[in-house]
Amino acid sequence: MADGRNQAMARPQAAGPALDRETLALDAGLEIDPATKAIAPNISMSVNNLLVPGDGAFSADGVEDLTALPFLYARWTNPTVRQLEQRMAALEGADDALATATGLAAIAATFLTCLKKGDHLVVSDVCYAGANELARRILPDYGIEVTAVNMSRLDEVAAAFRPNTRLVHCESPCNPILRLTDLSAVAALARQHGALVSVDSTLATPVATRPLALGVDLVIHSLTKFINGHGDALGGVVCGRKDLIEKIRSRAGVYLGASLSAQNAWLIMRGIDTLFPRLKAISESAMRIARFLSDHPGVGSVTYPGLETHPQHALARRQMNAFGGILTFQTHDPRGMAKQLADRLRVVHYAFSLGHQRSIVVLLDTNEMMKSTYGLQGAQLDDYRAFAGDGVFRLSVGLEFVEDIIADLDQALR
């Protein structure tokens with residue numbers, strides 16, 4: 001607000017070199033309460049804010065950058081949500097960010113802002129199921145052309161471009177098979193054709209990969225997963241150049257209605273405080289578990305970007321600062337093994353989703369995934385099966401003592 005008595009106190013900028021991202025995970029966007037001097041972010045639960053003549057509140061019509069205005073209405077901007085946006089923008093090296101109610105809402109906001117009738121989208125043939133189904137089932141109903149390609153095959157990506165291609169959407173590592181996308185190479189191809197590139201970096205997080213530094217235009221996260229890290233708050237975010245985020249906010253942020261609640265924004269910021277130490281510990285545990293499972297008699301194969309056996313391990317080493325907390329493994333008779341794991345596991349939880357502080361595993365049956373989401377055929381199906389076989393167990397590694405996780409998996413798999 002224009003009246004300084006109603007404003008939170010912005011922290012003074014530290015003198016000297018720019019702060020490291022591990023510090024920004026705690027400090028970026030943080031505002032000190034002017035009355036109590038509390039250093040934890042406040043939760044601003046008010047939907048409405050007082051309109052004060054002269055502070056710009058009465059000239060909001062036609063303004064695209066709603067963050068340039070005083071806080072007016074929580075569906076547009078909210079003080080707590082704004083702190084979260086600033087923190088995520090800092091972690092991604094972005095100008096700005098828009099937080100949304102879910103990760104899929106951030107993807108929908110990007111698609112429905114960057115694409116219109118007659119435009120063409122190139123999308124990864126394997127990515128988060130909600131994004132894949134939105135692109136291939138819903139967007140064509142609105143006159144948007146969609147081509148799904150294997151993003152690890154650059155020749156296929158190059159061949160997919162058309163004169164009306166406006167956006168390329170990829171994911172790295174992709175959920176659920178952990179195939180990687182060479183983000184620099186895809187971004188270079190898109191620039192040649194005047195198209196934007198968005199990437200879902202949920203599995204990598206800013207700890208492992210910074211897509212904007214590799215030439216990507218927009219980076220998207222399901223904040224629900226590792227960034228929140230506690231399995232108790234839904235949220236999403238899209239980060240990028242200010243002009244792009246202003247456009248997305250002024251359209252999707254206002255008209256789609258998928259606003260993030262202040263309570264969830266606060267919970268997610270609490271999770272970001274420990275993002276770097278959590279992901280470091282989880283990545284170290286995931287590597288140990290991946291190596292253990294690789295030698296387990298009950299396991300046929302293991303996929304993890306940190307393993308030398310991953311077909312894109314060299315790319316992972318170039319593109320990732322950590323290899324993340326997700327690995328997959330295959331077993332004989334996956335359906336039977338799913339029932340066995342659900343019955344025997346005592347530390348690891350047999351459940352959907354990922355990015356929790358607790359370890360979670362679930363079977364993703366290939367035939368079911370083809371029927372429900374991907375519908376791949378021919379070479380694309382062969383490429384999927386090269387990573388997944390008849391089905392993969394997706395293991396999201398948590399913060400338990402790694403030897404306890406290993407012992408639990410060992411007894412459950414035998």
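Residues numbered from 1 in each chain as written. Predicted model: local features only at pLDDT ≥ 70, side-chain atom pairs only at ≥ 80, totals over all residues. Heavy atoms only, no water.

In the annotation of an unreviewed UniProt entry, the entry for the protein chain reads Cystathionine gamma-synthase, and the organism field reads Sinorhizobium glycinis. A UniProt comment under Sequence similarities (unreviewed entry) is attached to the protein chain, and it reads "Belongs to the trans-sulfuration enzymes family." Recorded under Cofactor (unreviewed entry), the UniProt text for the protein chain is reproduced unchanged: "pyridoxal 5'-phosphate". (UniProt positions renumbered as here; feature names shortened; annotations may be inferred.)

Colleague: Describe the overall build of the protein chain, with residues and values.
Modeller: Of the regular secondary structure elements, the protein chain holds 15 helices and 14 strands. The C-alpha atoms of the protein chain give a radius of gyration of 22 Å, which matches the 22 Å a tight globule of 414 residues would have. Each of the three principal axes of the protein chain carries a C-alpha extent, and together these read 70 × 50 × 40 Å. Taken over 414 residues, the protein chain has a buried fraction of 55%. Counting every atom, the protein chain has about 17,400 Å² of accessible surface; 53% of that belongs to carbon and sulfur. The protein chain carries 39 positive and 44 negative side-chain charges, and their two centres are separated by 1 Å. (Helix = DSSP H or I, 4+ residues; strand = E, 2+ residues; numbered from the N terminus. Rg over C-alpha atoms; globule rule 2.2 N^0.38 Å. Buried < 20%, exposed > 50% of the residue type's maximum accessible area, 1.4 Å probe, protein only. Areas by Shrake-Rupley, 256 points an atom, 1.4 Å probe, with all protein chains shown as cover. Lys, Arg positive; Asp, Glu negative; His and termini not counted. Charge placed at Lys NZ, Arg CZ, Asp CG, Glu CD.)

Colleague: How would you sum up the sheet that holds strand 7 (residues 196–200)? Please name residues and give values.
Modeller: Spatial strand order, 3-9-8-7-6-4-5: 7 strands in an open sheet with mixed pairing. Edge positions in the sheet fall to strand 3 (96–100) and strand 5 (145–149), since each has one partner strand and no second. Adjacent strand axes in the sheet meet at a mean angle of 20° when their direction is disregarded. Here strand 3 runs beside strand 9 (residues 236–240); their pairing, made up of 5 bridges, is antiparallel. Within strand 9, the residue paired with threonine 100 across the bridge is glycine 236. (Pairing = 2+ DSSP bridges. Axes fitted to C-alpha atoms, helices over the stretch in contact; angles between N-to-C directions.)

Colleague: Let's hear about the nonpolar core: which residues, and what values?
Modeller: With 85 residues, the main nonpolar core has Leu84, Ile289, Leu327 and Phe329 as its most contacted residues. Three or more residues apiece are contributed to this core by two domains, here domain 1 (21–270) and domain 2 (275–413). Beyond its immediate chain neighbours, meaning those up to four positions away, isoleucine 289 contacts Leu327, Leu395, Val397, Val402, Ile405, Ile406 and Leu409. Residues Ala131, Ala135, Leu244 and Ile248 belong to the second largest nonpolar core, which totals 25 residues. (Core = buried A, V, L, I, M, F, W, Y, C linked by side-chain atoms within 4.5 Å. Domains from an automatic or database assignment. Contact = heavy atoms within 4.5 Å.)

Colleague: Before we move on, can you summarise the packing of helix 3 (residues 103–114) against helix 4 (residues 129–138) with the specific residues and values?
Modeller: Remark: helix 3 packs on helix 4, axes separated minimally by 9 Å, with the N-to-C direction vectors making an angle of 30°. As summarised for this structure, helix 3 and helix 4 are arranged roughly parallel, according to the angle between their axes. Helix-helix and strand crossings are classified by hand; for helix 3 and helix 4 the assignment is right-handed. Facing helix 3, whose interface residues are Leu104, Ile107, Ala108 and Phe111, helix 4 presents Gly130, Ala131, Leu134 and Ala135. Here the contact of helix 3 with helix 4 is composed, by residue class, of 7 nonpolar, 1 polar and no charged. (Parallel < 35°, antiparallel > 145°, perpendicular 65-115°, else oblique. Left-handed = near helix turned anticlockwise from the far one by under 90°. Nonpolar A, V, L, I, M, F, W, Y, C, P; charged D, E, K, R; others polar.)

Colleague: Residue-level account of the confidence of the model for the protein chain, with values.
Modeller: Residues with a pLDDT of 70 or more make up 93% of the protein chain, whose mean pLDDT is 93. Low confidence marks residues 1–7, where pLDDT is under 50. Its contacts with residues over four positions away, or in another chain, come to 9 contacts. (pLDDT = per-residue confidence, 0-100.)

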